[in-house]
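The primary structure of each chain is shown beneath.
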Amino acid sequence: MQLSLISFISLLIVCSSVLIKRASHNNALSMLASRLKPVLLGTGATLATLAFALPTYAQHQGGEASLQLPDLSEVTFFSGLNGHNLLMIGIVVSVLGLGFGLAMYMNLKKLPVHRSMKEISELIYETCKTYLITQGKFILILEAFIAVIIILYFGVLSGFSAGRVLIILAFSLIGIAGSYGVAWFGIRVNTFANSRTAFASLEGRPFPLYAIPLKAGMSIGMMLISTELLIMLCILLFVPGEYAGPCFIGFAIGESLGAAALRIAGGIFTKIADIGSDLMKIVFKIKEDDARNPGVIADCTGDNAGDSVGPSADGFETYGVTGVALITFILLGVRDPRVQVQLLVWIFVMRVMMIIASGASYFVNDLIAKSRYKNAKSMNFEAPLTSLVWITSIVSVVITFIVSKLTIPTLGNNDTLWWKLSVIISCGTLAGAIIPELVKVFTSTESRHVREVVTSSREGGPALNILSGLVAGNFSAYWLGISIVGLMAKSYVFTTLGAATNLSLGTLMVDPIAAPVFGFGLVAFGFLGMGPVTIAVDSYGPVTDNAQSVYELSLIEHVPNVEAEVKKDFNIDVNFSQAKHLLEENDGAGNTFKATAKPVLIGTAVVGATTMIFSIIMALTNGLTTNTEGLSLLHAPFLLGLITGGAVIYWFTGASIQAVTTGAYRAVEFIKANIRLEGVEKASVADSKKVVQICTQYAQKGMFNIFLTVFFSTLAFAFVQPFFFIGYLI
């Protein structure tokens, strides 16, 4: 087997060398070869890694894909309703959630907007669409690498049947489609909302400027969470138990790949565009969002690529992978099949109820906000967003206790675990409200740290601006870390509570030591409890940012007889000065809440990854019964893995910054050569699209470089030594 793989690799390398050599004599072939070269060499590297790793191939074949789900209908809930039928109600709720998102989408589309603003938002959408299509093709190239690994690992090494391998491949594509689809939906909703928000500002009342972006965010959040839950419930309910494992692992692989590409490439894109656009203000002494600057459209596209596409795909992936991690842990770590079913059904019932909690909280908060601000001349835009987060958190906590009491009153003859598990989940749910409060200390327009950054910039220029920003960033990271540690520590206390009397969570596990890690997974689960609202406040930012740009780029103030036209067509008395003031204030609130939502998603991923890593440990140690001495700092491979994993983080940081630097240089070079400040009112569409193309090109180059290195490093380290790999992941 090893020799045949090596022979195939040799043939692949020879063929690629011949192709590349011949291509050098033909321009068309040269372009084709330049595109195929990294794919061929990457595939060769994949096969080489696996081929030479065969002698060290471990005995734990198949991993999560080998897991078999128990029959959910064997356990009854609510005095007679079995688990399968109970979760069927979740399908209905998920469909209603999709309807909620679509209804808000249609409502946004029908809102009034001036033609000049609509024209700009549609141009932004067109550039975003081009970016997403290009990214879609790029993700499929990356999927080719993943497909090779799936086929070789599951088909060749693990001996899975062709049908099971095809299921994993198919569901990896479904995972990609899910991440990609919600990202596209988010772009379309946001580019409706940005021009409608800009137009609403003309009336001079602040409430519509708050309501429209939040409505767009809730549309995205409900669509994202409902889609994710619907897919996972369909796997759980309609796929035979022996095939559910391959479905879940394939789905998790696909959504992780889609999210990684869209998140990282989107982040690089938006920073390239930011620098390219903002440097022009300094070089040419022009205002922000000057219509003559061809980098402004790219900046707007970047706001959506980095702050809408990325978080949407990332939220979709985090929600799904955390669920897969918990399912895996329950099947590996819980002894009694009946308790496995109880916990699986409970987790998904809680997910269904959180959709209801988020929707209800949104409507309650909307009523409160309307009563306070609907006719107000001014408002603190952060206040109703903050109240939405806290209302959702409190409602979710209350529902957690009620549903847990009704669903799992007794687990393994223990009638105390329902409230202990509720407390643990509530730690994560409260984190969704506490973390934004900590972040606002460092990012709110009213905070002392932000005022210090402003003062430092005014007195010391760019150098002190950067240093004071780093100070605030490092302090905020410290307090966020401490808060997450505190909440995880609280979950640890409650997982071990009652150990002396055999009433702790550990009594259900194959080993009591596994209980705290399961608790950590439930904290991550709680983070996601208010998922639609978290996504909504995160999406609020790119809409408010774009709205300000749409206002300036539309040149609405210079449209002939625009006041009379708007009065006649929309019955609005225009107030330009108040409109600009409100848009700027709202943009500040949007930036603050973009910063508050990201730590929640990142924290969820980190805590959820802890559970997934421990699931791998459970598999390697046969349920913590063998080889546990490898999980010690005294075990050299484990220690070396820890150091290696830490080193890779610094490489990743350097590579991403390098990608931004290179791309920004090219964008600035083009803009400086093509910007026209005399005799024109706005930059040409062709120049604006060219800047977007440059940003996309270098974002993809950076992402491909990062993907190849991290992907093959992780793949190679997995075969070095099992506990080296565990240390690397940690």
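Every residue gets a number counted from 1 within its own chain, in the order that chain's sequence is written. With the structure being a predicted model, the display of local features is reserved for residues of pLDDT at least 70 and the display and counting of side-chain atom pairs for 80 or more, all residues being used for whole-chain, interface and lining totals. To obtain the side-chain values, all non-hydrogen atoms of the structure were used and water was disregarded.

## Considerations on the overall build of the protein
- Broken down by element type, the protein carries 19 helices and two strands.
- The C-alpha atoms of the protein give 27 Å as radius of gyration, which agrees with the globular expectation for 730 residues (27 Å, within 12%).
- Across its three principal axes, the protein shows a C-alpha extent of roughly 80 × 70 × 50 Å.
- Each residue's exposure class comes from its accessible area (1.4 Å probe, protein chains only) as a fraction of the maximum for that residue type: buried when under 20%, exposed when over 50%, partly exposed otherwise. Across the 730 residues in the protein, those meeting the buried criterion constitute 57%.
- With the model as given, the accessible surface of the protein reaches about 29,300 Å², and the carbon-plus-sulfur share is 65%.
- His residues and chain termini do not enter the charge count, which takes Lys and Arg as positive and Asp and Glu as negative. Every charge is mapped onto a representative atom, which is NZ of Lys, CZ of Arg, CG of Asp or CD of Glu. Each charge sign in the protein was given a centre, from 47 positive and 46 negative side chains, and these centres are 3 Å apart. Strands here are runs of E lasting at least two residues and helices are runs of H or I lasting at least four, both read from the DSSP assignment and numbered beginning at the N terminus. Each radius of gyration reported is based on C-alpha atoms, and the globular scaling rule is 2.2 Å times the count of residues to the power 0.38. Note on areas: Shrake-Rupley, 1.4 Å probe, and residue coverage restricted to the protein chains presented here.

## Structural notes on a nonpolar patch on the surface
- Within the patch definition used here, like charges are joined within 9 Å and nonpolar side chains (Val, Leu, Ile, Met, Phe, Trp, Tyr) within 5 Å, considering only residues with over 30% relative accessible area and no salt bridge. A pair is scored as a salt bridge if a Lys or Arg side-chain nitrogen falls within 4 Å of a carboxyl oxygen belonging to Asp or Glu. Together, F78, L81, I89, W390, I394, V398, I402, L406 and I434 make up an exposed nonpolar region whose accessible area comes to about 760 Å².
- With five residues, helix α10 (residues 382–407) is the largest single contributor of residues to the nonpolar patch.
- Here F78 is to be found in the loop between β1 (76–77) and β2 (81–82).
- Judged by its relative accessible area of 39%, F78 is partly exposed.

## Section: the pattern of salt bridges
- For the structure shown, the criterion picks out 15 salt bridges.
- In this structure, the salt-bridge partner of E437 is K440, at a minimum N-O distance of 3.3 Å. Remark: K440 and E437 occur in helix α11 (residues 417–443); sequence separation between them is three residues, near one turn of the helix.

## Considerations on the nonpolar core
- Here, the term nonpolar core denotes a set of buried Ala, Val, Leu, Ile, Met, Phe, Trp, Tyr and Cys residues that are joined through side-chain atoms within 4.5 Å. Core analysis: the largest hydrophobic core is formed by 219 residues, its most contacted members being Y210, L421 and F518.
- With 20 residues, the single largest contributor to this core is helix α6 (residues 207–238).

## Topic: the environment of G323
- Structurally, the position occupied by G323 is in helix α8 (residues 295–333).
- Spatially, the C-alpha atoms of G323 and F525 are 7.6 Å apart, while their sequence positions differ by 202 residues.
- Whether two residues are in contact is decided by their heavy atoms, any of which lying within 4.5 Å being enough. In contact with G323, not counting residues within four places along its chain, are M232 and R351.

## Some details on the packing of aromatic side chains
- Under the pairing criterion, centres of Phe, Tyr and Trp rings, with the six-membered ring standing for Trp, must be within 6.5 Å; the plane angle then separates stacked pairs below 30 degrees from edge-to-face pairs above 60, leaving the rest tilted. By the definition in use, this model includes 24 aromatic pairs.
- Residues F251 and F316 carry aromatic rings whose centres are separated by 6.1 Å and whose planes lie at 75 degrees to one another, so their mutual orientation is edge-to-face. Pair noted here: F251 is in helix α7 (residues 241–284) and F316 is in helix α8, with a separation of 65 residues, a long-range link. As far as burial versus exposure is concerned, F251 and F316 are alike and both buried.
- Two conditions define a charge located above a ring, namely a distance within 6 Å from the ring centre to NZ of Lys or CZ of Arg, and an angle within 35 degrees of the ring normal. For R164, the ring lying beneath its charged end belongs to F160, and the centroid distance is 5.0 Å.
- Lying over the aromatic face of Y319, R351 brings its terminal NZ or CZ to 4.0 Å of the ring centre.

## What to know about the packing of helix α9 (residues 337–373) against α10
- Close contact between α9 and α10 brings their axes to 8 Å; oriented N to C, the two are set at 145 degrees. Here α9 runs over α10; the crossing is right-handed.
- Note on residue categories: nonpolar means Ala, Val, Leu, Ile, Met, Phe, Trp, Tyr, Cys or Pro, charged means Asp, Glu, Lys or Arg, and polar means any other residue, Gly included. Of the residues that constitute the contact of α9 with α10, the class distribution is 17 nonpolar, nine polar and no charged. Axis geometry follows a simple rule: fit a line to the C-alpha atoms, using only the stretch in contact for helices, then measure angles between N-to-C directions, giving values from 0 to 180 degrees. Two helices crossing with the near one rotated counterclockwise from the far one by less than a right angle form a left-handed crossing, whereas a clockwise rotation gives a right-handed crossing.

## A closer look at the environment of E565
- Note that E565 resides in helix α15 (residues 562–570).
- Distance in space between the C-alpha atoms of E565 and H114 is 9.5 Å, their sequence separation being 451 residues.
- Excluding its chain neighbours within four sequence positions, the residues that come into contact with E565 are H114, R115, V559 and F570.
- For the purposes of these results, a polar contact is taken to be a pair of N or O atoms within 3.5 Å, where, inside protein, one atom must be able to donate a hydrogen and its partner to accept one; residues adjacent in sequence count only when each atom of the pair is a side-chain atom. Separated by 3.1 Å, the side chains of E565 and H114 make a polar contact.

## Remarks on the confidence of the model for the protein
- When pLDDT is averaged across the protein, the result is 83; 90% of the residues are at 70 or more.
- Here residues 1–60 is a poorly scored stretch, pLDDT under 50, and it has 62 contacts once near neighbours within four places are set aside; other chains count. Known as pLDDT, the predictor's per-residue confidence is scaled from 0 to 100.

## Topic: the packing of α9 against helix α13 (residues 515–527)
- Where α9 contacts α13, the axes come no closer than 12 Å and their chain directions differ by 20 degrees. As far as their axial angle goes, α13 and α9 are roughly parallel. Here the hand of the crossing between α9 and α13 comes out right-handed. Across from L343, W346, I347, M350 and R351 in α9, the residues of α13 making contact are F518, L522 and F525.
- For the contact of α9 with α13, the class distribution of residues is seven nonpolar, no polar and one charged. Here is the rule for angles: anything less than 35 degrees is roughly parallel, anything more than 145 is roughly antiparallel, 65 through 115 is roughly perpendicular, and the remaining ranges are oblique.

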